[in-house]
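Reading the structure
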Amino acid sequence: MSNIELIQGHTLEKLKDIPSESIDLIVADPPYNLGKNYGNGHEIKGFEEYVDFSEKWLTEAKRILKKTGTIYVFMGFRFISYLYNILDRNLNFNFNTWITWHYTQGLGKKKGFSPRHDDILMFTKSDDYKFNLNDIRIPQKYYRARNNMRGANPGDVWQFSHIHYCNENRQEHPTQKPEGLIERMVLCSSDKGDLVLDPFAGSGTTLRVCQQLGRDCIGIELNQKYIQMIKKRLDEPFKGFDSIDPRMERVPMDLRDNEIRKKYVQSHIKWFLNHHNGSVDDFIEKVKIMYGKNSKNQSDLSSFK
């Protein structure tokens, strides 16, 4: 069972209490300094103050991260280049990937193009780091015997919908991140039993994901209201993660062979839809629509619900 620890306080102060090289993975979603109301009075800083704050907490992050560890940092467009410079040049982290999180709805603009993505920087502390590719593969568009049936690398452009206000898992927090988004980071960059840190716990998404994936997790949050909200969220019964990459539900074309298809359908649910219970029925229905008429044995389409 996962050990989830929630700490109230200022990130800079609380990070100093964490032992050096004790954290396997850091998933950080710091305030973007765009004037959003996080209820703590510290969301708006001057430019130099914000850059200085970023370098200070990232310096502590490097100290506590294991040599095999990875850090993911969310950041908006105004400060992403400065954040990259701090990680790459000032702190000598190893750059791995600049991830684009694409979403279909966002802020509207009457002059200029409306933003439809956030940036996520992935850096490692050394060249020796964890990357569990098999745990995050996505289904192939076309089935080919020469391809890895387990799927393909998801690439550096990720599409996950925002958690809309009508979603039953929506929390009272202005920048709640989708669970499926965090799930991919946790699966590929940590193992069961590893220790994950979220230095800006916010709505508690990282803690909730780690709770379900068998990782220990420490979350730091300043706002007492959010602390209580996270505790309540962690006590809720688990019904499946609240978001999914739409590619995870797709049915590969050219799966005409009945035996191969039956094996694939069963494996698909285990590989791609684990922790996404709401997507299983939709996937089976897609299989029936695409292959039902050609199937000699309908049990391969209905026995996995």
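Residues numbered from 1 in each chain as written. Predicted model: local features only at pLDDT ≥ 70, side-chain atom pairs only at ≥ 80, totals over all residues. Heavy atoms only, no water.

It helps to recall that an α-helix has 3.6 residues per turn; residues three or four apart then point in one direction. Over its 18 residues, helix 2 (residues 47-64) runs 26 Å from end to end, which matches the ideal 26 Å to within 8%, given 1.5 Å per residue. Tyr50, Val51, Phe53, Ser54, Trp57, Leu58, Glu60, Ala61 and Ile64 are the residues of helix 2 that are buried. The secondary structure elements touched by the buried residues of helix 2 are helix 1 (11-15), strand 2 (23-28), strand 3 (65-75), helix 3 (80-90) and strand 7 (195-198). (Helix = DSSP H or I, 4+ residues; strand = E, 2+ residues; numbered from the N terminus. Expected span 1.5 Å × (residues − 1). Buried < 20%, exposed > 50% of the residue type's maximum accessible area, 1.4 Å probe, protein only. Contact = heavy atoms within 4.5 Å.)

It is worth spelling out the packing of aromatic side chains at this point. On inspection of all chains with the given rule, the structure shows 16 aromatic pairs. One aromatic cluster in this structure is built from Phe47, Tyr50, Phe53, Trp57, Phe79, Tyr82 and Phe200. One Lys or Arg, Lys177, reaches over the ring of Phe74 and ends 5.3 Å from the middle of that ring. It is Arg184 that lies over the ring of Trp158; its NZ or CZ is 4.9 Å from the centre. (Phe/Tyr/Trp six-rings, centres within 6.5 Å; stacked < 30°, edge-to-face > 60°. Lys NZ or Arg CZ within 6 Å of the ring centre and 35° of its normal.)

Once that is clear, we can look at the environment of Ser54. Residue placement: Ser54 occurs in helix 2. With 25 residues separating them along the chain, Ser54 and Phe79 place their C-alpha atoms 9.8 Å apart.

Okay, the sheet that holds strand 7 next. Strand order across the open sheet formed by eight strands is 1-8-7-2-3-5-4-6, with mixed pairing between neighbours. Of all strands in the sheet, those bounded by a partner on one side alone are strand 1 (4-8) and strand 6 (157-159). Neighbour-to-neighbour, the strand axes of the sheet open up by a mean angle of 20°, direction not taken into account. In terms of strand pairing, strand 2 meets strand 3 through five bridges, oriented parallel. By the bridge assignment for strand 3, Val27 is matched with Tyr72. Packed on one face of the sheet, helix 4 (residues 179-189) meets strand 2, strand 3, strand 4 (94-102), strand 5 (117-124) and strand 6 and runs near 165° to strand 3. (Pairing = 2+ DSSP bridges. Axes fitted to C-alpha atoms, helices over the stretch in contact; angles between N-to-C directions.)

Here the focus is a nonpolar patch on the surface. Together, Tyr142, Met253 and Met290 line one region of the surface with nonpolar side chains, adding up to about 260 Å² of accessible area. Residue placement: Met253 occurs in the loop between helix 6 (224-235) and helix 7 (258-272). When its relative accessible area of 35% is taken as the criterion, Met253 is described as partly exposed. (Patch = residues over 30% accessible without salt bridge, like charges linked within 9 Å, V, L, I, M, F, W, Y side chains within 5 Å. Areas by Shrake-Rupley, 256 points an atom, 1.4 Å probe, with all protein chains shown as cover. Salt bridge = Lys/Arg side-chain N within 4 Å of Asp/Glu carboxyl O.)

Turning next to the pattern of salt bridges. For side chains bearing opposite charge, pairing can occur when the charged atoms are close. Summed over the entire model, instances satisfying the criterion amount to twelve salt bridges. A salt bridge links Lys56 to Asp52, with the shortest nitrogen-to-oxygen separation between them at 3.2 Å. With a gap of four residues between them, Lys56 and Asp52 both fall in helix 2, about one helical turn apart. Residue Lys56 is classed as partly exposed on the basis of its relative accessible area of 44%. A salt bridge links Arg247 to Asp245, with the shortest nitrogen-to-oxygen separation between them at 2.8 Å. With a relative accessible area of 22%, Arg247 lands in the partly exposed category. Here the residues in one salt-bridge network are Lys130, Asp191 and Asp194, joined through shared partners.

All right, on to unusual backbone geometry then. Of note in the backbone geometry, Glu21 takes a positive phi value of approximately 50° without being a glycine. The phi dihedral of His275 is positive, around 75°, even though this residue is not glycine. Assignment of secondary structure puts His275 in the loop between helix 7 and helix 8 (280-291). You can call His275 buried: its relative accessible area is 18%.

Quick look at the environment of Gln224 now. Note on placement: Gln224 falls in helix 6. On the accessibility criterion, Gln224 (36% relative accessible area) is partly exposed.

Take the confidence of the model for the chain next. Low-confidence regions, as indicated by low pLDDT, have predicted coordinates that should not be scrutinised in detail. In the predicted model, the chain carries a mean pLDDT of 88, and the fraction of residues at 70 or more is 86%. Confidence drops under a pLDDT of 50 for residues 295-299, and excluding neighbours within four residues, the segment shows nine contacts in the predicted structure. Contacts from residues 301-305, a stretch scored under 50 in pLDDT, to residues over four places away or in other chains number 17 contacts. (pLDDT = per-residue confidence, 0-100.)

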